[in-house]
Structure formats: structure tokens, C-alpha cells
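For reference, the chains in residue letters:
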Amino acid sequence: MDGLAVVIALAILVIVTLFKGVRTVPQGYKHIVQRLGKYHVTLNPGLNFIIPYIDDVSYKLTTKDIVLDIPSQEVITEDNAVIIANAVAYINIVAPEKAVYGVENYTFAIQNLVQTALRSIIGEMALDSALSSRDQIKAKLKAAISEDIADWGITLKTVEIQDINPSQTMQAAMEEQAAAERQRRAAVTKAEGEKQAAILEADGRLEASRRDAQAQVVLAKASGAAISLISEAVGSEELPVLYLLGEKYTDALLQLSSSDNAKTVVLPADLPQALRGILNKV
């Protein structure tokens, strides 16, 4: 029985030893093997053999693209505005041994590296430029960290700016500023309209006054010409002049009688004598 137990124990030991010496690596992964605590080899996908009890698979890393979420953070722009920015980085491990032994925690290190670079880049930009230049920020960010993480055996595929918005305080201030600007524009538009209306009204009055003056001049010239013609025509005859004055006088009385304010119209008893008195005064 003792011999059988020993055989069984040896068989189990052999099986365990074989099991520990055979390693199958899935596609999309690489395993880091340490021999007596020191880096020995990187196992590629497929069937691999190691020395049991001496070699140990210490790390298992993926070779697929890794998506790293960069937490939101407050960033101060060049013009002292506070904005909230976050990003997402796509990385790929090309040298697993460097990623393991080159940095303590590569995901945490890359997240902090991106945050630091993002603060530095946006800090050199004005608020309006930072909010409208995502592609420029992305290019600068990628250039800033690609070389650093290459030392860790990691390639930065791309980095995207997810959100870049003013802080709540800045948003409130910007909304107040926009409202004030709209009110200012409305006031300016109203004042400009009133100014143009006043100018047009003044121009209208000026043009009307100019035309009235021109009309009076024309009427005065016409009256002077008419008087000259009448004087030449009648000479010393009194009757035609009395007839003309009587006609004008009658027209004036008719207009006076048709007025709403006229109550009583008094006609002179001796119209020819009244006309002669007017003529004598002239």
C-alpha cells in the first residue's frame, strides 16, 4: 500500500508539473514570465512551455486597444476663465515588458499625463479659442504625450476631447453678458431708428419750407407781372381797375362767408366807392 501511495503521489506530481510547465495564451494577450523573480520572456498567443517551479507567469496583458477615460477637471484659460474638460485616450501595448517594468501603473500614469498636458495646453488659450479648437487641442495633446508613453512600450492611437464647457459660474456670467449685449443692441437700434426718423422729419420740414418759399417767390413775381400788365393795359382808366379789385374783393367775401368761423358778413353799401378808397390807398 505504501508503494502504491508513493506511485500515486508521483503521478500527481508529474501531472501538476506538466500542467505548470504548459501555458496557453489566448489571442489578443501576452504573458510576462519571471524566472526566480526576474523578467525572463514574453509568451505570445498559442501553446508555450516554461520550466515549472522556476518560471512563473507574473503578468497577463492585452494587446488589444485599450480605452482610457480621462476624468473631468477644471482648467483655467489664459484669460482666467474656468472650464470643465475631459477626454478619452485609445492606447495599445506594443511592448508588455516595458509597460510592466517601466511604470508602476500605466493606466493611472497615462490618465495623469493626459490631464496635466490638457491643463497646460488649454492654459495657453483664450476661452473662445479653447471652446472652438478641439482639433487643435487634440493634435497638441497627442504630440505632448506620445513620446512619454512610448518609453513604457505603449502607443497612443488617438485621443479625443469629449466635453469642454465653461463651468456653471462661467455659464451664468456668459448668459448675463449675452443678455446685456442683446439689450444694448436693441437700445442702439431703437435710438438709431428714432434718430433717422427725426432726421427724415426735419428734412421733410426743410423741404416743405423751401418749396413754400419758392412758391411765394413765384406768386410774388406773378402778381408783380400781372400788376405791370394791368397798369400798362388800363393806363389812367379807372373802370377796369375797379372791376379787377371788385372781383378779388368778391372772391374774398365768398371765402369768408363759407368759413366755419364766419357768423356775419357785412357788405359795404357803396361797393364802387369802397373800391376807389382801396385804389387810392394803393
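For every chain, the first residue of its written sequence is number 1, and the numbers climb from 1 along that sequence. Predicted model: local features are reported for residues with pLDDT of at least 70 only, side-chain atom pairs are reported and counted for 80 or more only, and whole-chain, interface and lining totals are derived from all residues. Each side-chain value is worked out from all heavy atoms of the structure, with water and hydrogens disregarded.

## Focus: the packing of aromatic side chains
Using the following cut-off: Pairing of aromatic side chains requires ring centres within 6.5 Å, counting the rings of Phe and Tyr and the six-membered ring of Trp. Pairs whose planes differ by under 30 degrees are stacked, by over 60 edge-to-face, and all others tilted. Per the convention used, a helix needs a DSSP run of H or I reaching at least four residues, while a strand needs a run of E reaching at least two, with both numbered from the N terminus. Using a 1.4 Å probe on the protein chains alone, a residue whose accessible area is under 20% of its type maximum counts as buried, one over 50% counts as exposed, and one in between counts as partly exposed.
Evaluated as defined, the whole model comprises two aromatic pairs. Seen from their ring centres, Tyr-39 and Tyr-101 are 5.7 Å apart, and the 65° between their planes marks the pair as edge-to-face. You can see Tyr-39 sitting in strand E3 (residues 38–43) and its partner Tyr-101 sitting in helix H2 (residues 96–101), a full 62 residues away along the chain. Owing to a relative accessible area of 33%, Tyr-39 belongs among the partly exposed residues under this scheme.

## Notes on the pattern of salt bridges
Inclusion rule: Put simply, a salt bridge is a Lys or Arg side-chain nitrogen that is within 4 Å of an Asp or Glu carboxyl oxygen.
Applying the stated criterion across every chain yields a total of five salt bridges. With a shortest N-O distance of 2.5 Å, Asp-55 and Arg-35 are connected by a salt bridge. Pair noted here: Asp-55 is in strand E5 (residues 55–62) and Arg-35 is in strand E2 (residues 29–35), with a separation of 20 residues, a long-range link. The buried category is assigned to Asp-55, whose relative accessible area is 8%. Of the charged contacts, one joins Glu-201 and Arg-205 as a salt bridge, the two residues approaching to 3.3 Å between their closest N and O atoms. Within this pair, Glu-201 and its partner Arg-205 are both found in helix H6 (residues 168–234), separated by four residues, close to a single helical turn.

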